[in-house]
Every structure is written in C-alpha cells, then in structure tokens.
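So the chains spell out like this:
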Amino acid sequence: MKHAKRLLSLMLGLSLTALGVGRWATAAPAASTYPGTGGPRPLELNLQPPATQIAHEIYDLHTWMMIICLVIFVAVFGVMFYSIFKHRKSVGHKPATFHESTTVEIAWTVVPFLIVIGMALPATRTVVGMKDTSNADLTIKATGMQWKWGYDYLKGEGEGISFLSNLATPRSQVGAPGMPPTEKRGENYLIEVDNELVVPVHKKVRMVLTANDVIHAWSVPAFGVKQDAIPGFVRDTWFKADHIGTFRGNCAELCGKEHAFMPIVVKVVSAEDYKVWVDGKLKEMAALADDPNKTWTIDELKVKGEKVYTANCAMCHQATGKGVPGTYAPLDGSAVVNGPKAEQIHVLLNGQKSGKYQVEMPSWKQLSDTDIAAVITYTRNNWSNKAEENIVQPAEVVAARK
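The structure displayed is predicted, hence computed values, not measured ones.

1. Comments concerning the overall build of the protein
Scanning the protein from terminus to terminus reveals 11 helices and 10 strands. A globule of 402 residues ought to have a C-alpha radius of gyration of about 21 Å, yet the protein, at 29 Å, is considerably larger. The burial tally for the protein puts 43% of its 402 residues in the buried class. Nonlocal contacts in the protein, meaning residues at least 24 apart in sequence, comprise 69% of its contacts between residues at least 6 apart. About 21800 Å² of surface is accessible on the protein, with carbon and sulfur atoms providing 61% of the total. Averaged over its 42 positive side-chain charges, the protein has a centre that lies 10 Å from the centre of its 38 negative ones.

Below you can see the structure in the form of structure tokens.
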C-alpha cells in the first residue's frame, strides 16, 4: 500500500505539471523564422509556420498535446521500470496481497479526468472559432474540379471576379508514364499556379466550397484551413492572414489520377495592392468578355485556341496531341476531332466516359463559349488533323448549351 500511494503521488504530480507548464512551452514560431515560398520546406518536421490566429492556436494545441502525451509516457513507463527494478524478487521483495484501494480508484478516475479537461477546453475553443464564418469582409467561392480550382469573388471588394487556377509546372518537368522529365524541376515544382488567389491582409475571407465532379478539399496549412469540397453541397471556412506573403496548399482528398496536380496558391497583399489588382483583373475580364455573336476568322480562333489548349488541355493530352497511351486519349488523328463538330462540342460541354482509357474526359462547360469554340477549332486544324468541319463559332457553342 505504501508503494502504491507513492506511485500514484508521482503520477498525479507529473500530470498536474503537464497541465501547468504546457502553455508556457507552446509558443509558435514567427513566420519570419522560416523564409521561403510559403509552402513545405525540405526536412521540415513540424507544422508550417502559422499565418493566421487560428493556425497559431492549432500550432499551440499540437505542442500542448505532445507535452501531455510525453509526460504521460514518461510517468507510466518511468514508474513501471522503476517498480520492476526496485521491487524485483532477487532483492527479497514479495508481491502485495491487497485487492482494492479507495485511493487508487479515486486517483485513476480524477487524474485522467483532469488531463482530458486540460486537452478538451482549448481544443473546443479553437474548433468553435474555426467554424465562425460570420462578418466576413470578403466571400470567395472555390470550386474543385478534375484537376484545377475555379474561384468566384461573390461579396466584398472584387465582387464579380472569376477565373480558373491551373497547375503552372510544365509537363516537361513532370514527365509521364514511361517518359522521364526532360527539364530540371523548379523550386515550386507542383505547388505553382497560373492564377493565384489574391486577398488583402488583415481581412476576414470566407471561403465557400463545392465541387463539380468528385470530392476535393481546399487546404492551406499556414492558414490552418482544410475543408472538403463536395458535389451538390456547399461547405464554408475562413481565414484572416496576419501578414503579407504567398502561401501554398494542395487538394487534400484523393480525387483521381491527377490529384497531385491541383495546388492552391494564395497571395496576401496590402489593401492598396489589392485594390490595384482588383481594378486590373476587372479590366482584364472585360477585355476577354467577347461577344458570342461575333464571327471570328479561323486564324483568330486558332491563335486563341492554342492558348486555351496550353492552359487547360496540354497537361493530359500533351502539347503534341498524342495523349498518354492507355491513360489519356490522343487528339491527333482522333475520330471525334476529325468527325462532325457537334459531337466534339457535346464532349467538351458534357464530358465523355470511355472504357479504353483510365481517365475519362471531364466537362469543360466552365470555359467561355469563345474559349470552347477556339480550342475546338485549334485541335481540328493542328497536328495531322484535317477535319472537314474545321471551324466552330461561339454562337454554335451557345446553341449547344441550351
């Protein structure tokens, strides 16, 4: 009994020590401690440097839980090994004969209860804070799709801005099955995009999330944000960046073969720079808002179509139009591309399933009518393709959408 009381006193003391000193040891590092690109770093063993208050709290909780687990580990195994060594039979000790103890019963109920309370209270406060998307300064809709993100600024400064964000790493750095990369990989390999999500610093940004095909997840570790984007559902989360910088994340749900190719890049800028970006983006969108009733020349459509193809199609079908055998369909010599144009328009608007290739063709109806007309015209007049119906006008795409 004497030894049991001593053992329980030691365990209680160590547990209460953990509860008392945890907060003292949980300070998260300042972002300036880790210069770089705002994404994962080589040999990084801990969480990414936090850039929001919620991320700071998550970092603190992580450290706090680790301290508690470490103290429990040391206490339990320390007492166990001490007892094995100190009370071994070879030095004359005999096993105790008692069967129950009120002190033991109370201690092993009270001590775990105190530990759980010490862990649950701060965790609950942070989880409740993560769910509070009220009073946002800016609301942005993020739509996950295979394999890119679409962003629509719904409310606040920049309302009406809409764009797609594609992987910017060229296929020459990625390679393909049976084909090694032909270009040296850059610093931001697979975590760079052509259109960054731009937001102002010190403003609460509400992210409204959905998907148009399978489940994706919008995740930026430095913000402490990870929320699923589910077809047919609307989920939301928020962040409020506390300093300027570029922050990187990825889709965090296995969404298909190109899951690794849909990074997230958020650029946090000053209020003044954000206003300049908004003005420029709105002007850019106005310039690109082509009249769908305009009749384009074939050369105009081919030039525009090449840009659309490079940004959206070349990752799968390759710049050569050859695709990847068994995985992505070739467009060079394709019966669809060289056949009636109505069928190709239907495929781009509605997608296509094929048992011949591992990856099915997704819908591209999020592109503008002019972009779809241009990329179809480009593919019908490129490589070895010589389609009889070699030009598609935006008005034909408009009619096909109905």
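Let's pick the thread back up.
2. Overview of the nonpolar core
Tyr151, Tyr153, Leu197, Trp218, Phe223 and Val266 are the most contacted members of the largest nonpolar core, which totals 42 residues. What Tyr153 contacts, discounting residues up to four positions off in sequence, is Leu138, Thr139, Ile140, Gly158, Glu159, Gly160, Ile161, Phe163, Leu197, Val198, Tyr274 and Trp277. By size, the runner-up hydrophobic cluster in this structure holds 20 residues, among which are Leu331, Leu349, Leu367 and Val392.

3. Re the pattern of salt bridges
All chains considered together, the criterion is met by 10 salt bridges. Across the pair Lys341 and Glu396 runs a salt bridge, and its minimum N-O distance is 2.9 Å. Of this pair, Lys341 sits in helix 9 (residues 341-350) while Glu396 is found in helix 11 (residues 394-401), placing the two residues 55 residues apart along the sequence. Given the relative accessible area of 27%, Glu396 is considered partly exposed. Asp369 is the salt-bridge partner of Arg401, the closest N and O atoms lying 2.4 Å from each other. With a gap of 32 residues between them, Arg401 in helix 11 and Asp369 in helix 10 (residues 369-380) connect regions that are remote in the sequence. Judged by its relative accessible area of 35%, Arg401 is partly exposed. One salt-bridge network, in which partners are shared between bridges, spans Arg171, Lys257 and Glu258.

4. Details of unusual backbone geometry
Glycine aside, residues mostly have negative phi angles, and peptide bonds mostly take the trans form. Residue Trp147 follows Gln146 across a cis peptide bond; omega there is -5 degrees. Its location among the elements puts Trp147 in the loop between strand 1 (138-145) and strand 2 (148-155). Residue His202 is not a glycine yet carries a positive backbone phi of 60 degrees. Inspection of the secondary structure puts His202 in the loop between strand 4 (197-200) and strand 5 (205-211).

5. Focus on the confidence of the model for the protein
Confidence in the prediction of the protein, expressed as mean pLDDT, is 86, and 91% of residues score 70 or more. Of the regions scoring below 50 in pLDDT, residues 1-26 engages in 41 contacts with residues more than four places distant in sequence or in other chains. Considering only residues more than four positions removed or in separate chains, one finds that residues 30-36, a stretch of pLDDT under 50, has 7 contacts.

6. Describing the sheet that holds strand 1
What the 5 strands build is an open sheet, ordered 3-2-1-5-8; its pairing is mixed. The open sheet terminates on both sides in strands that have one partner only, identified here as strand 3 (162-165) and strand 8 (235-239). Shown here is a sheet whose adjacent strand axes are inclined to one another by a mean of 25 degrees, direction ignored. In the sheet, strand 2 pairs with strand 3 via 4 bridges, with the strands oriented antiparallel. For Gly150, the partnering residue across the bridge sits in strand 3 and is Leu164. In this fold helix 5 (residues 271-288) packs onto strand 1, strand 2 and strand 3, with an angle of close to 95 degrees to the strand it touches most, strand 3.

7. Concerning the sheet that holds strand 6 (residues 216-220)
The 5 strands lie next to each other as 4-10-9-6-7, forming an open sheet whose pairing is mixed. Here the strands that pair on one side only, and so sit at the sheet edges, are strand 4 and strand 7 (225-229). The mean inter-strand angle of the sheet, taken between neighbouring strand axes irrespective of direction, is 25 degrees. One ladder, built from 2 bridges, connects strand 6 with strand 9 (residues 245-251); its direction is antiparallel.

8. Here's the deal with the pairing of strand 5
When a strand is regular, its side chains alternate between the sheet's two faces. Here strand 5 lies mainly inside the structure; 6 of its 7 residues are buried. Bridge count between strand 1 and strand 5: 7 bridges; the pairing is parallel. Paired with Lys141 across the bridge in strand 5 is Val208. The sheet contact formed by strand 5 and strand 8 spans 5 bridges and is antiparallel. In the sheet register, Val205 faces strand 8, and the bridge partner there is Phe239.

9. A closer look at the packing of helix 9 against helix 10
Across the interface, helix 9 lies against helix 10 with an axial gap of 11 Å and an inter-helix angle of 125 degrees. Here helix 10 runs oblique to helix 9, going by the angle between their axes. Read as a crossing pair, helix 9 and helix 10 show a hand that is right-handed. For the pair helix 9 and helix 10, contact is made by Lys341, Gln344, Ile345, Leu348 and Leu349 and by Ile372, Val375, Ile376, Thr379 and Arg380, respectively. Per-class residue counts for the contact of helix 9 with helix 10 are 6 nonpolar, 2 polar and 2 charged.

10. A few points about the pairing of strand 7
Most of strand 7 sits inside the fold, with 4 of its 5 residues counted as buried. Two strands pair when backbone bridges link them, and strand 6 and strand 7 are joined in this way by 5 bridges, in the antiparallel orientation. Across the sheet, residue His216 finds its bridge partner in strand 7, namely Ala229.

11. Structural notes on a nonpolar patch on the surface
A cluster of nonpolar residues, Leu70, Ile72, Phe73, Val74, Val76, Phe77, Met80, Phe81 and Ile84, forms a patch on the protein surface that exposes about 830 Å² of accessible area. Along the chain, the position of Phe81 falls in helix 2 (residues 53-86).

Analysis parameters
- Residues numbered from 1 in each chain as written.
- Predicted model: local features only at pLDDT ≥ 70, side-chain atom pairs only at ≥ 80, totals over all residues.
- Heavy atoms only, no water.
- Helix = DSSP H or I, 4+ residues; strand = E, 2+ residues; numbered from the N terminus.
- Rg over C-alpha atoms; globule rule 2.2 N^0.38 Å.
- Buried < 20%, exposed > 50% of the residue type's maximum accessible area, 1.4 Å probe, protein only.
- Contact = heavy atoms within 4.5 Å.
- Areas by Shrake-Rupley, 256 points an atom, 1.4 Å probe, with all protein chains shown as cover.
- Lys, Arg positive; Asp, Glu negative; His and termini not counted.
- Charge placed at Lys NZ, Arg CZ, Asp CG, Glu CD.
- Core = buried A, V, L, I, M, F, W, Y, C linked by side-chain atoms within 4.5 Å.
- Salt bridge = Lys/Arg side-chain N within 4 Å of Asp/Glu carboxyl O.
- pLDDT = per-residue confidence, 0-100.
- Pairing = 2+ DSSP bridges.
- Axes fitted to C-alpha atoms, helices over the stretch in contact; angles between N-to-C directions.
- Parallel < 35°, antiparallel > 145°, perpendicular 65-115°, else oblique.
- Left-handed = near helix turned anticlockwise from the far one by under 90°.
- Nonpolar A, V, L, I, M, F, W, Y, C, P; charged D, E, K, R; others polar.
- Patch = residues over 30% accessible without salt bridge, like charges linked within 9 Å, V, L, I, M, F, W, Y side chains within 5 Å.

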